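Residues per chain are reported as follows:
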Amino acid sequence: MTNTSFDLVDIMRTLQARKKFITTMTIVAIALGGIFLLIRHTKYKGESAFFVNNPLYGDRNTLFRALDTRYVDYFGGDDDVDKIMGFASSDTVRDRIIRDCQFGNIYKKDINDPKGHAELMNIFDRNFTIKRTENKDVIVTYIAYDPVTAANVANTAVTVLEEIYRQYYTTMKMNIYKSIDDEVKQLDGTINTLTDSLANMRDRYGIYALMNPDRKGIINAEVKGGGKGYGKAIEQIQNIESIKDQLVIDRAHYISALNEFIATTNSSMQFLKLITRALPPINPTGPGIVLVLVVAALLGMLFSSVYILMLTYLRKLNAVER
């Protein structure tokens, strides 16, 4: 049986003999690459970058601290960045972005139709990316056929993320605010009732002196009046005054807490700090003309060379006597 050899020398001779064919195929590949560049849809990428602020700086204990001077970092930690990444992948944020950016008009889909809405969500997922860097900043990008749309979606994504992230903390604070406010309203009713009771008893027995022993710094030894039940009235007035004064003090503390909680929900406190705002890009994204043509030429040269070598080797095998 004859062994068929096809070494490096044979390969080089074969390629040299068919160099005209390889050159022709390379030129054809370059032409196809040029046609691809002409018919492809140009895409643009909008990019925004931001830092996550530490939400503890908007906390009541930080804004109105009196004794504790614990240091709080201005920048959010990894846990805060994780929350942003979680919000970005949620349906709530994605739906809000496609509605605010009017995806229905841009991509000619009915956003109110379930099928159209699902298609718009898929389009958003394919073109939207969010990633963190080693510097703890977060980069948001969106790719679209229109540069203005690409920049608008990237900026809108940052705005929506800031609002949703802020709302996460603001909602909890407002729940606490409502709980305390309801308690203040109940105290108002109780204090008004006690005030009416005290006023009636004072008018009935003619006792107008301040007698509450809980009121510090008040000393009033002279209490005028008399009659049946006068002594019991004094004791009752003191008891009611002590309760009312404590409720008034509690109410003042609650109102102070309400003011503190409402201050922490002020919109001037930023939870995300935008450091790079997306502008409509000038240059399209993706490989450039030179890179596409070079890759096409290399692919044409590679495949034509492999084709010639395989064809030559098969011919040698068929020529061998079996």
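Rules behind the numbers
Residues numbered from 1 in each chain as written. Predicted model: local features only at pLDDT ≥ 70, side-chain atom pairs only at ≥ 80, totals over all residues. Heavy atoms only, no water. Core = buried A, V, L, I, M, F, W, Y, C linked by side-chain atoms within 4.5 Å. Buried < 20%, exposed > 50% of the residue type's maximum accessible area, 1.4 Å probe, protein only. Helix = DSSP H or I, 4+ residues; strand = E, 2+ residues; numbered from the N terminus. Contact = heavy atoms within 4.5 Å. Arc of directions from axis to C-beta. Salt bridge = Lys/Arg side-chain N within 4 Å of Asp/Glu carboxyl O.

Peer 1: Explain the nonpolar core to me, using residue names and the numbers behind them.
Peer 2: Grouped together as the largest cluster of nonpolar side chains are 34 residues, with contacts concentrated most on Phe 50, Phe 103, Tyr 142 and Leu 161. For this core, the secondary-structure elements that each account for two or more residues are strand 1 (44–52), helix 4 (78–88), helix 5 (91–100), helix 7 (114–127), strand 2 (128–132), strand 3 (137–144) and helix 8 (147–205). Looking at this core, the element that brings in the most residues is helix 8, giving nine residues. With residues near it in sequence (within four places) discarded, Phe 103 still touches Ile 98, Lys 108, Leu 120, Phe 124, Tyr 142 and Val 153.

Peer 1: A description of helix 4 should follow, citing residues and the corresponding values.
Peer 2: All buried positions along helix 4 are accounted for by Asp 80, Val 81, Ile 84, Phe 87 and Ala 88. When helix 4 is viewed along its axis, its buried side chains cluster within an angular range of 120° and face the same direction. In this structure, the buried residues of helix 4 make contact with strand 1, helix 5, strand 2, strand 3, helix 8 and strand 4 (272–276).

Peer 1: How would you summarise the pattern of salt bridges if you had to cite specific residues and measurements?
Peer 2: Opposite charge on two side chains makes pairing possible when the charged atoms of those side chains draw close. Counted according to the given criterion, the structure contains twelve salt bridges. Its salt-bridge partner being Asp 91, residue Arg 94 comes within 2.4 Å of it at the nearest N-O pair. Residue Arg 94 and its partner Asp 91 are located together in helix 5, separated by three residues, close to a single helical turn. A salt bridge links Asp 188 to Arg 251; its shortest N-O distance comes to 2.3 Å. Highlighted residues: Asp 188 in helix 8 and Arg 251 in helix 9 (residues 230–263), separated in sequence by 63 residues. Using a relative accessible area of 30% as the deciding quantity, one classes Arg 251 as partly exposed. When salt bridges with common partners are traced through the structure, they connect Asp 91, Arg 94 and Asp 125 into a single cluster.

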